[in-house]
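Take a look at the letters that make up each chain.
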Amino acid sequence: MKTLKVTPLNSSFNTNISDIASDKSISHRSAMFSLFSDQPSHIKNFLMAEDTLNTLNIVKSFGVEVEQAGKADFTLTPPRKIKEPDDILDCGNSGTGMRLFCGLLSAFEGSFILTGDKYLRNRPMARVTQPLKAIGAKIDGRDFGNKAPLHIRGSVLKAFKYESPIDSAQVKSALILAALKADGVSYYKEEKLSRDHTERMLSGMGATIKTNDDGYIEIHPLTSTLKPLDITIPADPSSGFFFAVAASIIPNAKITIKNVTLNPTRIEAYKILQKMGANVEFVEHTNIYEPIGDIVVSHNTLKGVDVSENIAWLIDELPALSIAMSQASGISSVKNAKELRVKESDRITSVISNLQKCGITCHEFEDGYSITGGELNQATINSHGDHRIAMSFAIAGLKCGMEINDTECIMTSFPNFEELLNSLR
Ligand code: S3P
């Protein structure tokens, strides 16, 4: 088991970071969506982390030719017909990988077995397998198809009209991918828009996907192959957010996160940090499938905040935000966030139990928590195998020192995290 020891930072920093990990959501989708074209897709700055490399390997097992040009630049040439893989498909720790592949493979000819690590095998998959089975997908697995390993036999899918009980980009994307191969026009609705990379990228490739006035996303089945992707993947705002929190809790600190996606569904946590008092600036440069630019964050005194809306837009950043909350004056709260319980770990329990070890007064609710700002003390943290818990408490360690156990998980999304953390010294 790997342990990360962080010592307190004795000075401040004013740094530009241009090598924050590439966006995980967009990297997964780039590899998968290359299958919808008959031309090579060019993908630059792919996330070279465990989760997305697992997705790339799976795509390779379908017969996609993967040519690596630079350190993280790939040309993906799809086969004329998807090959039935001769082994099980390992999604590792990635819920995004597994859930999106469920939708994608439900309509591809062949037999596919999806599995993952011990954490992923315990996460709920019924949220995608149930609606997929209702339109004719042949999926089975432990707990009646709720837990991996999952077996999928591609079949003909019926067009659907589905209103999702949860705001989840993974569920939405799985259903959109299935709809591309369904026997008619499909409609999907969620209460609050979740991250929309799937819609943006597939539309950019030429698919007919639009949101109607009644809130339903209308998805037309493909009548031909799509244009290939030509994309430079921006930095991941969720990974950049650890450093935004660092800048907001260290006096006189300033950080510029370069070339990050400014997609509105991804930067809500920065806006909460702004509401808490930190100085936050968004500078858009370009728009390739998504708005892309820099985010500048500098320290200011933080005050407590109540967060109960737009949860889907900050679900990945709440653990790091909780570190900022612990350094804000007064009481902060998070509500309507029960989805946190089914992430890479139960993030409500992981955040609260670890903050309590650091001497912070905080309370757990079924759908969130409250945190009273106070002094952070050095502690030994259990990451629960969750990359975002490990990195959040590493950032807290810049204040008071920290020992974090079980940090191999950082490799799933942010392999150069430790290097960048050390560069602040
Ligand atoms: C993701 C969607 C989110 C997020 C995950 C990545 C995606 O999950 O937590 O890290 O790429 O679609 P949900 O959509 O299930 O909330």
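Higher on the page you've got the structure.
What counts and what doesn't
- Residue numbers restart at each chain and count upward from 1, following the sequence in its written direction.
- Per-residue local features of the predicted model are confined to residues with pLDDT of at least 70, and side-chain atom pairs are confined, for both listing and counting, to 80 or more; whole-chain, interface and lining totals are unaffected and use all residues.
- Neither water nor hydrogens contribute to the side-chain values; these are computed over all heavy atoms in the structure.
- Between rings of Phe, Tyr and Trp, where Trp is taken as its six-membered ring, a pair exists when centres lie within 6.5 Å; planes separated by under 30 degrees are stacked, by over 60 edge-to-face, and by other angles tilted.
- Secondary structure elements are taken from DSSP: a helix is a run of H or I of four residues or more, a strand is a run of E of two residues or more, and numbering for both begins at the N terminus.
- Relative accessibility under 20% of the residue-type maximum defines a buried residue, over 50% an exposed one, and the middle range a partly exposed one, all with a 1.4 Å probe and only protein chains included.
- Charge-over-ring contacts are defined here by two conditions on Lys NZ or Arg CZ: a distance within 6 Å of the ring centre and an angle within 35 degrees of the ring normal.
- Any residue with a heavy atom lying within 4 Å of a molecule or strand is counted as near it.
- Polar contacts, as counted here, are pairs of nitrogen or oxygen atoms within 3.5 Å of one another; within protein the pair requires one atom able to donate a hydrogen and one able to accept it, and residues that are adjacent in sequence qualify only if both atoms are side-chain atoms.
- For accessible areas, the Shrake-Rupley method is used with a probe of radius 1.4 Å. Any residue's cover is judged against the shown protein chains and nothing else.
- In the cavity and pocket records, a cavity denotes points on a 1 Å grid over the protein atoms alone where a 1.4 Å probe fits but cannot get out, a pocket denotes an open set with protein on both sides within 12 Å along at least 5 of 7 lines, and lining residues are residues with an atom within 4 Å of a point.
- The rule for placing a molecule in a cavity or pocket is simple: more than half of its atoms must lie within 2 Å of the grid points.
- Side-chain classes follow a simple rule in which Ala, Val, Leu, Ile, Met, Phe, Trp, Tyr, Cys and Pro form the nonpolar group, Asp, Glu, Lys and Arg form the charged group, and the remainder, Gly included, forms the polar group.
- Boundaries of every domain are those given by an automatic assignment or by a domain database.
- Two strands qualify as a pair provided DSSP detects at least 2 bridges between them.
- The convention used is that axes are lines fitted to C-alpha atoms, helices contributing only their stretch in contact, and that angles between N-to-C directions extend from 0 to 180 degrees.
- Working rule for contacts: check all heavy atoms of both residues, and any pair within 4.5 Å makes them a contact.
- Definition of nonpolar core: a set of buried residues of the types Ala, Val, Leu, Ile, Met, Phe, Trp, Tyr and Cys, connected through side-chain atoms within 4.5 Å.

Student: Which residues make up the packing of aromatic side chains, and what are the values?
Tutor: Counted under the stated rule, the structure contains 12 aromatic pairs. Both rings, one in phenylalanine 242 and one in phenylalanine 417, keep their centres 6.0 Å apart while their planes meet at 75°; by these two values the pair is edge-to-face. A residue pair is termed long-range when its members are at least 10 positions apart, and phenylalanine 242 in helix α8 (residues 237-249) and phenylalanine 417 in helix α13 (residues 417-423) qualify at 175 residues. For the pair formed by phenylalanine 242 and phenylalanine 417, the shared burial category is buried. Summarising the aromatic geometry, the rings of phenylalanine 243 and phenylalanine 417 are spaced 5.6 Å apart at their centres and angled 55° between planes, so their arrangement reads as tilted. Of this pair, phenylalanine 243 sits in helix α8 while phenylalanine 417 sits in helix α13, placing them 174 residues apart in sequence. Considered together, phenylalanine 243 and phenylalanine 417 belong to a single accessibility category, that of buried residues. Each member of the aromatic cluster is reached from another via a ring pair, and the members are Phe242, Phe243, Phe414 and Phe417. The ring of tyrosine 216 carries the charged tip of lysine 161 above its face, separated from the ring centre by 4.5 Å. Lysine 181 extends its terminal NZ or CZ atom over the ring of phenylalanine 108, reaching a point 4.6 Å from the ring centre.

Student: Got a sec to walk through the site of the ligand? Specific residues and values, please.
Tutor: If you check the shell around the ligand, you find Ser25, Arg29, Thr96, Ser168, Ala169, Gln170, Arg195, Ile315, Asp316 and Lys343 and nothing else. Between the ligand and serine 168 there is a distance of 2.9 Å, counted from an oxygen atom to a side-chain nitrogen or oxygen. For the ligand, an oxygen atom lies 2.6 Å from a polar atom in the backbone of alanine 169. When isolated, the ligand has an accessible area of 390 Å², and the protein chains bury 95% of it. Structurally, the ligand is housed in the largest pocket. Elements represented by at least two residues in the shell around the ligand include exactly α1 (24-33) and α6 (169-179). Its residues assigned to classes, the shell around the ligand comprises two nonpolar, four polar and four charged. Split by domain, the shell around the ligand shows at least three residues from each of two domains, domain 1 (3-22 + 234-423) and domain 2 (24-232).

Student: Describe the sheet that holds strand β11 (residues 186-189), and please don't skip the residues or the numbers.
Tutor: One open sheet accounts for four strands, arranged β10-β11-β13-β12; its pairing is mixed. Single-partner strands in this sheet number two, and they are β10 (161-163) and β12 (209-211). Averaged over all pairs of adjacent strands, the angle between their axes in this sheet comes to 15°, without regard to strand direction. Bridge analysis of β11 against strand β13 (residues 217-219) gives three bridges, and the strand direction is antiparallel. Of the residues in β13, the one forming a bridge with serine 186 is isoleucine 219. Taken strand by strand, α6 contacts β11, β12 and β13, and its axis lies near 175° from that of β11.

Student: Now, about the nonpolar core: what can you tell me, with residues and values included?
Tutor: In this structure, Phe243, Met276, Tyr369 and Phe417 are the most contacted members of the largest nonpolar core, which totals 80 residues. Discounting residues that sit within four places of it in the chain, methionine 276 has contacts with Thr301, Leu302, Lys303, Val305, Leu321, Ala324, Met325 and Ala328. Core analysis: the second largest hydrophobic core is formed by 62 residues, Ala31, Val171, Ala178 and Ile209 among them.

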